[in-house]
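# Structural description and commentary
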Amino acid sequence: MDFLSEIWQTITKNRSRSLLTAFGVFWGMLMLVVLIGLGNALTGGIYSQVEGFAMNSCTMGAAQTGKPYKGFQRGRQWEILLSDLDIIRERVDGIEGLSPMVFTGNKTISLGENHGDFQLVGVTADYPKVMLSPLLFGRFINEIDMRDKRKVCVIGIDVYRKLFPLGGNPI
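Residues numbered from 1 in each chain as written. Predicted model: local features only at pLDDT ≥ 70, side-chain atom pairs only at ≥ 80, totals over all residues. Heavy atoms only, no water.

### Quick notes on unusual backbone geometry
The backbone of Lys 70 shows a phi angle near 45°, a positive value even though the residue is not glycine. The residue Lys 70 is located in the loop between helix 2 (15-50) and helix 3 (82-91) in this model. Positive phi, close to 55°, is recorded for Lys 149, a residue that is not glycine. Along the chain, Lys 149 turns up in the loop between helix 5 (143-147) and helix 6 (157-163). (Helix = DSSP H or I, 4+ residues; strand = E, 2+ residues; numbered from the N terminus.)

### Examining the layout of surface pockets
As a volume, the largest pocket reaches approximately 1,700 Å³. If you go around the largest pocket, you meet 43 residues; those closest to its centre are Val 154, Ile 155, Gly 156, Ile 157 and Val 159. Those elements that provide at least two residues to the lining of the largest pocket are strand 1 (102-111), strand 2 (114-122), helix 5 and helix 6. With 6 residues, strand 1 is the single largest residue contributor to the lining of the largest pocket. Taken together, the residues of the lining of the largest pocket break down into 30 nonpolar, 8 polar and 5 charged. Each pocket or cavity is described by its volume, and for the second largest pocket that value is around 780 Å³. Around the second largest pocket, the lining is made up of 30 residues, and of these Cys 58, Thr 59, Met 60, Leu 98 and Ser 99 lie nearest the centre. (1 Å grid on protein atoms, 1.4 Å probe; cavity = no way out; pocket = protein on both sides within 12 Å on 5 of 7 lines; lining within 4 Å. Points joined across faces, edges and corners; volume = space filled by probe spheres on them. Nonpolar A, V, L, I, M, F, W, Y, C, P; charged D, E, K, R; others polar.)

Set out below in structure tokens:
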């Protein structure tokens, strides 16, 4: 009991020092909680950005050149061609799947009275090996579809929810 009364006397004699110490402890705890929360939010954000990518996968894209090369100007645009994919398959060991992706930008898609703006992406049959996309209905595009140039459409979960708000089989 003497111990508690001694603590109380020390606190009341040095009020400003006690208040500053209490505020310092409070501020330190608050900053710790805020930083841990920000770290967890950042981690969750990064995980949500790479969600759906297969393990050990990478993406490549063409952009403008940064330097002139052998007479070509700086800032020139180049493209990756389908023939380049065969070269990549031949020269890089361990490739299980290789799928080009052609982005067309946002297009308005409608079904009856339901419509929305969605991004269209052209892919090949290897796409499920590169991106983990669960299918709710039907099947994914295959080599026969590509060989016969069949018109195949795979819709994502967001498109399904927008075009089929009451549920149902889109096939």
